[in-house]
Amino acid sequence: MKIAHVLGHNSNWSIETHLQQNIGDYFLITAFTHGIDFDKKKSLKSILPKSMIDLQFYGKKSSGDIIAGKLSEFPFHPANCGDDEITNVYFENCLKRSIKFQADKGFRNVIIPHFYENEEVKDIIETIKKINDHVKKTRIEGIKYFMTLAFANHIIIDKIKVEEILFACTDMDIVFDGYFVTCETKPEFKRKLTTDIKVLRNLSKVFKTLKQQEFETIYAYANWDALVILAQTDIDYITIGTYENLRKFDIRRFTEDQSGGGSKGYYFSEKLLNMIRADDITIIRDTGNLHFIKNDRNIFSDIILQPGFLWNIHKPDVNKNYLLAIERLLKRIGSVGDLIYRKELVLNLIEDAIKRYESLERNYIYLDNESSNYHLNIWRTYLRNA
Amino acid sequence: MTSIALSQGLIDHFKISEYEQATTPSGQKTVFIVKIEGVKYALKIIHIADERFEREVKICQQYNHITGIPSILKVEKYLNDTIILEEYIEGNDLSDILDQYKGDHKKVIDLIFKIGTILKPVWYDKYVHRDLKPQNIRIRANGDPVVLDFGIARALDEESITATGGQPLSWYYASPEQYAGQKNLISYKTDFFCLGIVAYFLYTNRLPFGNTKDLIAQTFTKTIIHIDSGNKYINEFCNGVFYTSPSDRPRKIETFLKLAQI
Ligand SMILES: Nc1ncnc2c1ncn2[C@@H]1O[C@H](COP(=O)(O)OP(=O)(O)OP(=O)(O)O)[C@@H](O)[C@H]1O
């Protein structure tokens, strides 16, 4: 398993942790942030041989709804599409050119984009088949081709739709080397992770099935619930990211202007398997309970837990704490080869986190909203039954 | 067996000198073994006479060269029926010689491998048998299998949207997607699953998922439906194909055939 940094806004932080702390093995460059001149950027040059690029065709295929970011710098990107050009042929051509673009740029792992807003399963399948035929005819030795599966929420919660897509993806005619999977999880208000067991179940099924069929898998824009999926199957690449929008696939990012104000940020606790609001840290510290949540052997955590640290989401150490902690967790889980033991390990981590929440409560620390334990019991139930 | 006689018109038309009825006629089909100019044939009367059905059956003539599939010599409309004249296969129906396979895992797996090898080119062309069961497998004197009913099962299934009554499901040997009526999930992997049932049945002379439709349907709601036949090799093969989701079954025909090798 490789950990891949998603490079978006402030991507130098991710690259720094790679160069200085050895965090992550690989990189996913996002077209939205870096644009067509990504390879001219000094900061990205050194990591290009360990990179892939997501050209992010997610926005609405049938209109100019994509807010451009830097997407329209790519001449073949549907962000440039005028209303008069909306034909299937046009879009297929965009896809084909995007493949060629990546190959010409020297990427060894080519991520074939897909439209998130292919609403109907049959359209998704048709695109997959067409592009598969194209790759069959044009494939270049030494390049691995990954087809994007961008699961909209209404699809991932529907077992039958998911099976239809997997059915097409695992046909004997498929020549892709793997799949680049992303999923719209739609957490509830004041939650960062989904607690919809249908999402956990069906997304796990996607990864398990694709791996069983010997495809390479990339879990893109993964949040830390990736560890529940990794508990059950090998995954070849899991992405980690600094800002939340790099960890949560959300179509609105591509269709609406989302530049919101900064928050104080969150402390990712390896022990609680959760993000704790910065404001909650003060009371935990003041009551002498920091040891229940504190990440060990983590220099970034040490810095940001110091009394008087001025929390801000735009400070590197706040984000780097997550990168270090989540990479450690994922690597630890992924290193257990036997899946039965691996699942046990994750269940133990979950049980331990639940106990820590209970201990905090015994000490009169009641965490609410995002900071609360809203997800661990579902994980436990799900994994025990999986 | 309810017997029906062939009409004199039909006998004359096909120059039939002798005939005997092979099975009780179903709603859709009656099979006769006939002799024409001294040669034996299977003559199948299908009570559907539309162009599409005929076309579907004729597609299968491209496999006439495969020794494990009987050649279809004629497909003809006759009054309100479609008549199919097929090469006669000497031997026994597998369903009549089950005792020869019971408890003999080598013989069972070997047979499945041979059936898989027969169907390989068919699967490559994206055709699916859809009704593999011991009654549809004939065993020649040397033990080699011949797969019957390929074209008809397929064509009837394609047809069943319009045919009155539809294809009665041979539900003992049906796959989860057939049970669920999910036609868009039917593929070569459907045949893989059905061959798992055949293997289990041959080895144990019992059905793997119960004897009633309800029981089987209930089993098919589970994701994992692994069985224990009492034999390691049979288990390995069966559990390699017994997945409710077709997407979890072997993707490549070679992988399937490898499962059917000891
Ligand atoms: N080509 C053939 N050579 C020898 N015998 C045949 C041939 N085709 C059919 N038969 C005999 O006729 C029987 C019935 O044929 P077939 O399997 O086509 O119809 P069925 O069993 O009535 O239909 P279904 O398989 O749809 O239930 C077979 O079990 C076999 O004994």
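Residues numbered from 1 in each chain as written. Chains lettered and ligands numbered in written order. Predicted model: local features only at pLDDT ≥ 70, side-chain atom pairs only at ≥ 80, totals over all residues. Heavy atoms only, no water.

By the naming in an unreviewed UniProt entry, chain B goes by Serine/threonine-protein kinase and is assigned to Mucilaginibacter oryzae.

**Focus: the sheet that holds strand β6 (residues 92-93) of chain B**
Residues and elements named next belong to chain B. Spatially, the three strands line up as an open sheet ordered β6-β7-β8, and their pairing is antiparallel. Of all strands in the sheet, those bounded by a partner on one side alone are β6 and β8 (145-147). Sheet topology note: the strand β7 (residues 137-139)/β8 ladder contains three bridges and is antiparallel. Its bridge partner being in β8, I137 is matched across the sheet by V147. Against the sheet, helix α3 (residues 105-124) contacts β7 and β8, and its axis sits at roughly 45° relative to β8. (Pairing = 2+ DSSP bridges. Helix = DSSP H or I, 4+ residues; strand = E, 2+ residues; numbered from the N terminus. Contact = heavy atoms within 4.5 Å. Axes fitted to C-alpha atoms, helices over the stretch in contact; angles between N-to-C directions.)

**Quick look at the packing of aromatic side chains**
Scanning the model with the defined rule gives 36 aromatic pairs over all chains in all. Aromatic pair F180 of chain A and Y221 of chain A: ring centres 6.5 Å apart, planes at 85°, arrangement edge-to-face. Here Y221 of chain A lies in the loop between β7 (216-219) and α9 (226-230) and F180 of chain A lies in strand β6 (residues 178-183), a separation of 41 residues in the sequence. Accessibility classification places F180 of chain A together with Y221 of chain A in one group, the buried group. Arranged with centres 5.7 Å apart and planes meeting at 90°, the rings of W123 of chain B and F256 of chain B form a pair that is edge-to-face. In this pair, W123 of chain B sits in helix α3 while F256 of chain B sits in helix α9 (residues 253-259), placing the two residues 133 residues apart along the sequence. This pair shows no difference in class: W123 of chain B is buried, exactly as F256 of chain B is. Grouped by ring-pair contacts, the aromatic residues F38, F74, F76, F101 and F107 of chain A constitute a single cluster. Seen from the ring of Y266 of chain A, K192 of chain A lies directly overhead, with NZ or CZ sitting 3.8 Å from the centre. Over the face of the ring belonging to F309 of chain A we find K315 of chain A, whose NZ or CZ atom lies 4.6 Å from the ring centre. (Phe/Tyr/Trp six-rings, centres within 6.5 Å; stacked < 30°, edge-to-face > 60°. Buried < 20%, exposed > 50% of the residue type's maximum accessible area, 1.4 Å probe, protein only. Lys NZ or Arg CZ within 6 Å of the ring centre and 35° of its normal.)

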